[in-house]
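Chain residues, written in single-letter form:
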Amino acid sequence: MAWTERHRLMLQEMGIRLWAPVTEPALPAAQAEAPEPVPPKVATPLQAPVQASTPDERRAAIAEMPWPALREAVAQCTACSLCQSRRQTVFGVGHPGAHWMIVGEAPGEQEDLKGVPFVGAAGHLLDNMLRALKLTREEAPPERQVYIANTLKCRPPRNRNPEPEELARCEPFLVRQIELIRPRLILAMGRFAVHSLLRSSEPIGKLRGRVHRYQGVPLVVTYHPAYLLRNLADKSRAWDDLCLAAQTVEAASAPRD
Ligand code: SF4
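Read on for an overview of the structure. (Residues numbered from 1 in each chain as written. Predicted model: local features only at pLDDT ≥ 70, side-chain atom pairs only at ≥ 80, totals over all residues. Heavy atoms only, no water.)

1. Some remarks on the packing of aromatic side chains
- Summed over all chains, the structure comprises three aromatic pairs.
- When the ring of Trp67 is compared with that of Phe91, the centres are 6.0 Å apart and the planes differ by 75 degrees; the resulting orientation is edge-to-face. Of the two residues, Trp67 sits in helix α4 (residues 67–75) while Phe91 sits in the loop between α4 and β3 (93–94), which places them 24 residues apart along the sequence.
- Relative accessible area serves as the criterion here: at 6%, Phe91 is assigned to the buried category.
- Seen in terms of ring centroids, Tyr223 and Tyr227 are 5.0 Å apart; in terms of plane orientation they differ by 20 degrees. Their pairing is stacked.
- Here Tyr223 falls in the buried class, since its relative accessible area comes to 10%.
- Of the aromatic side chains, those joined through ring pairs into one cluster are Trp67, Phe91 and Tyr147. (Phe/Tyr/Trp six-rings, centres within 6.5 Å; stacked < 30°, edge-to-face > 60°. Helix = DSSP H or I, 4+ residues; strand = E, 2+ residues; numbered from the N terminus. Buried < 20%, exposed > 50% of the residue type's maximum accessible area, 1.4 Å probe, protein only.)

Here's what the structure looks like:
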C-alpha cells in the first residue's frame, strides 16, 4: 500500500518498523554513464524501531488510523508481552460497514493458528447462532454480514485469563475498529469483552437482558459460545439475548417520521 507521510510518522511513534526500498542517490553524470552493472535494489528498514511513546500518544495515533494502517499496526504490535508467545495476531473479520459487530474475548489455540476469530467448536456455535438470525460472517450485504473482533488481538499463553494491563494496551485497536465500522449494535460475548467495554465487574447474568451503550452504540451482553458449550442450560438465555439484539437493530434501522 502507499503510506502517507502522516501514517509513517504515526507508526514510527508507535515503534513500528516499515520496510521500503532504498532510494539510491543520484550519481554524477560521468559515473551514471559508466557501464558497471547496477546491483539489485534491496529492502532495508526505513526507520529503526522507536521506543514507546506515552500511552496517550499511542492511543491518539491509533485513533486516527484508516483500516490498512490499523491492520499493520496490530500485526507489528509489541505493546504487551503477548507478542512474545503469539504465532500471529488475530485482527478481525467481516464487513467494514457491518450493522452487527460481535466482540469476543481473546484468541485461543485455533485462532492463533489460523489468524481468524471464533474458529473451532465455539466458532461453529457462533455461526449457528448467527444463521438463526439470518446473519453470516461470509460475504454479504452489511445488514447480513457481521464483523467479528476480539478484545485482545494475541493469544494469552495456555489460554489463561487476560491481564488488565494487556487489555488496556490492546483496547485502542478495538476502539478504532468500532469507530471505523460504526455498527448499529455491538454484541459483547463473554466476561472480559463485557467488562472491558462496559467498565463493569458485574457478572454477565446481571448485565444481560437490557440494552447498554458504548460510545453511543447500543450494546447487548451475552455469554461466550465457549461457555455455552459447557453450560447448555444458559443457551435459552443466550437466545433471548440474540432476540433483544435483533429487536434493537431493527428499531435502529426503522425509518423515522
Ligand atoms: Fe499488541 Fe494487543 Fe497483541 Fe498486546 S495483545 S501485543 S497490545 S496486539
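2. Regarding the sheet that holds β3
- The sheet built from six strands is open, its strands ordered β3-β5-β4-β6-β8-β7 with mixed pairing. Looking at which strands have only one partner, the edges of the open sheet turn out to be β3 and β7 (211–214). (Pairing = 2+ DSSP bridges.)

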